[in-house]
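Fold and geometry: a report
Letter by letter, the chains look like this.
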Amino acid sequence: MPRKIAAGNWKMHGDGAALAEIDALIAAHPDPGVGIVICPPATLIHRMAERVGNAPIALGGQSCHAARSGAHTGDISAAMLADAGASHVILGHSERRIDHGETDAVILAQTQSARGAGLSVILCVGETAAQRDAGMTLDVVTRQVMGCLPDDIDPSALIMAYEPVWAIGTGRVPDGDQIAQVHGAIRALLLSRLGLAGGQVPILYGGSVKPDNAATIFAIADVDGALVGGAALKAASFSQIITALQSA
Ligand code: PEP
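In this text the structure is predicted, and so the values were computed from the model without any measurement. (Residues numbered from 1 in each chain as written. Predicted model: local features only at pLDDT ≥ 70, side-chain atom pairs only at ≥ 80, totals over all residues. Heavy atoms only, no water.)

It is worth spelling out the overall build of the chain at this point. When helices and strands are tallied, the chain shows 10 helices and eight strands. Whereas a compact globule of 248 residues would reach a radius of gyration of roughly 18 Å, the chain reaches 17 Å, a difference of no more than 12%. When its C-alpha atoms are laid out on the principal axes, the chain stretches across 45 × 45 × 35 Å. Taking all contacts inside the chain whose residues are at least 6 apart in sequence as the whole, residues at least 24 apart take part in 72%. Per element, the accessible surface of the chain, about 10300 Å² overall, is 54% carbon and sulfur. Within the chain, one finds 16 positive and 23 negative side-chain charges whose respective centroids are separated by 1 Å. (Helix = DSSP H or I, 4+ residues; strand = E, 2+ residues; numbered from the N terminus. Rg over C-alpha atoms; globule rule 2.2 N^0.38 Å. Contact = heavy atoms within 4.5 Å. Areas by Shrake-Rupley, 256 points an atom, 1.4 Å probe, with all protein chains shown as cover. Lys, Arg positive; Asp, Glu negative; His and termini not counted. Charge placed at Lys NZ, Arg CZ, Asp CG, Glu CD.)

What surrounds the ligand is a group of 14 residues, the closest being Lys11, Glu163, Gly169, Ser208 and Gly229. One of the backbone N or O atoms of Ser208 is found 2.8 Å from an oxygen atom in the ligand. Computed on the free molecule, the ligand has an accessible area of 300 Å², of which 97% lies beneath the protein chains in the complex. For the shell around the ligand, the residue count by class is four nonpolar, eight polar and two charged. (Near = heavy atom within 4 Å. Polar contact = N/O pair within 3.5 Å; in protein donor to acceptor, adjacent residues only side chain to side chain. Nonpolar A, V, L, I, M, F, W, Y, C, P; charged D, E, K, R; others polar.)

This part takes up the pairing of strand 6 (residues 158–162). Taking burial as the measure, the five residues of strand 6 include five buried ones, the bulk of the element. Where burial is concerned, the two faces of strand 6 agree: the one with Leu158, Met160 and Tyr162 and the one with Ile159 and Ala161 are both buried. On the question of chirality, the crossover connecting strand 6 to the parallel strand 7 (residues 203–206) by way of helix 8 (residues 176–194) is right-handed. (Buried < 20%, exposed > 50% of the residue type's maximum accessible area, 1.4 Å probe, protein only. Right-handed = clockwise from strand over helix to strand, strands pointing away.)

Attention now moves to the side chain of Glu102. In this fold, Glu102 is placed in the loop between helix 4 (94–99) and helix 5 (104–116). A polar side-chain atom of Glu102 sits 3.3 Å from a polar atom in the side chain of Gln110.

What follows covers helix 2 (residues 42–52). In an α-helix there are 3.6 residues to a turn, and that puts residues three or four apart on one side. Turning to helix 2, its buried residues are Leu44, Ile45, Met48 and Val52. Across the axial projection of helix 2, the buried residues extend over an arc of 115°, all falling on one side. Those residues of helix 2 that are exposed and aimed more than 90 degrees away from the buried face are Thr43 and Glu50. Of the surrounding elements, those touching the buried residues of helix 2 are helix 1 (19–28), strand 2 (35–39), strand 3 (58–61) and helix 3 (78–84). Residue Gly53 follows helix 2 closely and has a positive phi angle near 55°. (Arc of directions from axis to C-beta.)

Glancing now at the nonpolar core. As a rule of thumb, nonpolar side chains are buried together in soluble globular proteins. Judged by nonpolar contacts, the single largest core of 64 residues is most densely connected at Leu25, Ile38, Leu158, Met160, Ile186, Leu190 and Phe238. The residues contacting Met160, other than those within four sequence positions of it, are Leu123, Val125, Val145, Ile186, Leu190, Val201, Pro202, Ile203 and Leu204. Of all hydrophobic cores here, the second largest spans 12 residues; its members include Ile90, Ile122, Cys124 and Ala161. (Core = buried A, V, L, I, M, F, W, Y, C linked by side-chain atoms within 4.5 Å.)

Contact geometry for helix 5 and helix 7 (residues 137–148): axes closest at 8 Å, N-to-C directions at 40°. One way to sum up the angle between helix 5 and helix 7 is to call them oblique. Our pair here, helix 5 against helix 7, has a crossing hand that is right-handed. Facing Asp104, Ile107, Leu108 and Thr111 of helix 5, the residues of helix 7 in contact are Arg143, Gln144, Gly147 and Cys148. Residues of the contact of helix 5 with helix 7, tallied by class, amount to three nonpolar, three polar and two charged. (Axes fitted to C-alpha atoms, helices over the stretch in contact; angles between N-to-C directions. Parallel < 35°, antiparallel > 145°, perpendicular 65-115°, else oblique. Left-handed = near helix turned anticlockwise from the far one by under 90°.)

Read around the barrel, eight strands follow the order 1-2-3-4-5-6-7-8 and close on themselves; strand pairing throughout is parallel. Sheet twist, expressed as the average angle between the axes of neighbouring strands with direction ignored, equals 25°. Of the pairings in the sheet, the one linking strand 3 to strand 4 (residues 88–91) comprises two bridges and is parallel in character. Paired with Gly60 across the two strands is His88, which belongs to strand 4. Sheet strands touched by helix 10 (residues 235–247): strand 1 (5–9), strand 2 and strand 8 (225–228). Its angle to strand 1, the strand with the most contacts, is close to 160°. (Pairing = 2+ DSSP bridges.)

Considering only enclosed or pocket space, the largest pocket measures out at about 610 Å³ in volume. Lys11, Gln62, Ser63, Arg96 and His100 are the residues nearest the centre of the largest pocket, which is lined by 26 residues in total. Mapped by element, the contributors of at least two residues to the lining of the largest pocket are helix 2 and helix 4. Residue classes in the lining of the largest pocket are distributed as nine nonpolar, 11 polar and six charged. (1 Å grid on protein atoms, 1.4 Å probe; cavity = no way out; pocket = protein on both sides within 12 Å on 5 of 7 lines; lining within 4 Å. Points joined across faces, edges and corners; volume = space filled by probe spheres on them.)

Right, dumping it as C-alpha cells:
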C-alpha cells in the first residue's frame, strides 16, 4: 500500500444499499496512486469484497476481539475479519475505548491477534478535550502508542492515526501547529520504538476531515493521509478527499 492513505471509517452506518457507494468510488478512482481503505460494518465486509474484486481498495474491520474464537457473544475475531475479506482493522478508536472500555492493554492484545491473522493495523490514539486543556496531550498519546504497540510489530503492517477525541464528529479541527506537534511526536516515538522502519509508518490525521479542509490538513508536516468518518460515507465527498491527497 502507498504511504499516502485515505481510510474511511463507516462506523455503525450502512446496509446493502450503501454498496452503491463502493461502486461509485471504484469508478471515480480506477488507479488512485494513494492507498484507499474502507472499514464498513462487519456485516458488509464480505459483500463489499465481492464488489471490490481486483480494484485497488482495501477493506478493514473496525475492531476485533483478542481471541481467535470462543464464548464472546457479539464479538468478532481478527481471523473472521480476514476470512470475510478484510486486510486491515482499526484498533483503539476512541469510540471503542469509551463505549466498550477498551484499555491500552486490551488494544495491545487485539493488535497481536490482528497481526496473527495477517491483518494490517490502523492504530488510533488521541486526547480528550479535558486532557488537552490540562496540557496532557503528548503524555496521553505517548502512553497510548507505547502501551498498544507490541514489541514485534511489523512496521510495514502498521498505520497510525492521530484522532483527537474532541475533533471526531464535531466539526472542530486542531490548528496546523497542534497537528504537526502531535504527528512529530508520534514519528519520534515510532523511530525510537521501531528504528529506521518507524520512519516509513504512515501517520494519518482523523477528526472532522471534510472536502473543504482536506488539502490544508494534508499540507501539514508528517501528515500522510486521513482517517475519515462522516465524509467517508458518500463516494462524492470521500472522493474529493482522495483527490486532495493525490495532489498533496
Ligand atoms: C472517526 O470516527 O474516525 C472520524 C474521524 O470521524 P469524523 O471524520 O466524522 O470526525
